[in-house]
Amino acid sequence: MPSPPRARARLRALCGAAVLLAAVAGAAPVAAAATAPAWSVAPSAGGGTRPAQDGRPYFYAEGVPGTVLQDKVAVTNPGDSPLTVRLRGADADNTGTGALSLRTKSTDTGAWITFARREVKIPARTRAEVPFTVTVPADATPGDHPGAVVASANGRDSGVSIHLRVSGPTLSALTVERVRVTGGRISYDLVNRGNTVLTPKLAVRADGVLGRALDRRPRTLPVELLPGRRVTLSEPWTNTPALDSVRVRLTVTAGGGAHDEATATKRFVPWGGVAGAGAALLAAGAGAFWLVRRRRRAGERDGDGGNPPGQGNPRDRGNPEQTPEPSEKTPEIPEISEIQGSWS
């Protein structure tokens, strides 16, 4: 017997719900696998020169030359299978544009790090803590020696920075060099000439013949400038003057009393307008030259009086004695316009 319409509608709804639940159930393992947390590396909460029970964002170590400093790195494997992690030390560096990077070959802090185990196998859902030491050489220079602890597993690298300071005199020194204005930007070099990590501040000012063209108050640059590094940075300058001679002054400061200034001169000329004015002047000069030359030729024709050959100037007819007789030694020279051909 055929089912009533309401019963058939309820049956279709139940079937649709069953299909939807089956689809969600089938997709759940895939989604869970796709969102499974990745392994992580971090400083151990209770280790280092400055331990913190609530976690540390980086390693901090400080000691005199010849000291052996100790700490621990924690590697967490939240996955369902064991994980093999390789550990190494690295030197920190700045790229040419100021970003932080790691050197492929360590000669400083990265070379001073020794792990209890360089390769660690971590069971599923387990955190392992690996001790390591930083042996500061006896001839190490005082100041900051930035580095990192790097962990590698499953084709991925993850690191934690090390802020290592060797005890002794510190110097904060910063210079700004090679200031130039091109293409709507002010480019410059920053050089850390001290032995501490610096976070510079920059102020920009430009004064021209027609007044102040630019005035930017000091602001913190998004750069951690490591000791001895040079980076090239730039500032946008879109509303440049149309016509002016400007002196651009950059002032940089940083913690510890670091301060320096540098200047550059830039002339702004509307070359499009200059070219148009030059073309107009050239056309006017050519027209004036043509007009003067035309009037000169007309005057030369009027000087002949239009007299037939042999009659001469009418003013000289009553005094024949003033008419010089032709000389055989000085033949008549024809006009240049009558010469045909060329001298080549």
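Quantities reported herein were computed from a predicted structural model and do not represent experimental measurements.

Quick look at the overall build of the protein chain
Phase 1: For the protein chain, the helix and strand inventory stands at three helices and 17 strands.
Phase 2: By residue count, 29% of the 344 residues in the protein chain fall in the buried class.
Phase 3: Within the protein chain, contacts between residues separated by at least 24 positions form 65% of all contacts whose residues are at least 6 apart in sequence.
Phase 4: Surface exposure of the protein chain reaches about 22,400 Å², of which carbon and sulfur atoms provide 56%.

A word on the layout of surface pockets
Empty pockets left among the atoms are what a rolling probe the size of a water molecule brings to light.
Phase 1: Size it by volume and the largest pocket reaches roughly 390 Å³.
Phase 2: Lining the largest pocket are 19 residues; nearest its centre among them are P146, I162, H163, V197 and E224.
Phase 3: Mapped by element, the contributors of at least two residues to the lining of the largest pocket are β5 (100-102), β9 (143-153) and β10 (156-166).
Phase 4: If one sorts the elements of the lining of the largest pocket by residue count, β10 sits on top with seven residues.
Phase 5: For the lining of the largest pocket, a count of residues per class yields eleven nonpolar, five polar and three charged.

Topic: the packing of aromatic side chains
Phase 1: Per the counting criterion, the structure on display carries three aromatic pairs.
Phase 2: Each ring, one from W237 and one from F268, has its centre 5.7 Å from the other, and the planes form 85°; the classification is edge-to-face. Residue W237 is located in the loop between β15 (230-236) and β16 (244-254), and its partner F268 is located in strand β17 (residues 258-268); the two are separated by 31 residues in the primary sequence.
Phase 3: Among the aromatic residues, those joined into a cluster by ring pairs are F59, F115 and F132.
Phase 4: The ring centre of W39 lies 4.0 Å from the NZ or CZ of R156, which sits over that ring.

Calculation rules
- Residues numbered from 1 in each chain as written.
- Predicted model: local features only at pLDDT ≥ 70, side-chain atom pairs only at ≥ 80, totals over all residues.
- Heavy atoms only, no water.
- Helix = DSSP H or I, 4+ residues; strand = E, 2+ residues; numbered from the N terminus.
- Buried < 20%, exposed > 50% of the residue type's maximum accessible area, 1.4 Å probe, protein only.
- Contact = heavy atoms within 4.5 Å.
- Areas by Shrake-Rupley, 256 points an atom, 1.4 Å probe, with all protein chains shown as cover.
- 1 Å grid on protein atoms, 1.4 Å probe; cavity = no way out; pocket = protein on both sides within 12 Å on 5 of 7 lines; lining within 4 Å.
- Points joined across faces, edges and corners; volume = space filled by probe spheres on them.
- Nonpolar A, V, L, I, M, F, W, Y, C, P; charged D, E, K, R; others polar.
- Phe/Tyr/Trp six-rings, centres within 6.5 Å; stacked < 30°, edge-to-face > 60°.
- Lys NZ or Arg CZ within 6 Å of the ring centre and 35° of its normal.

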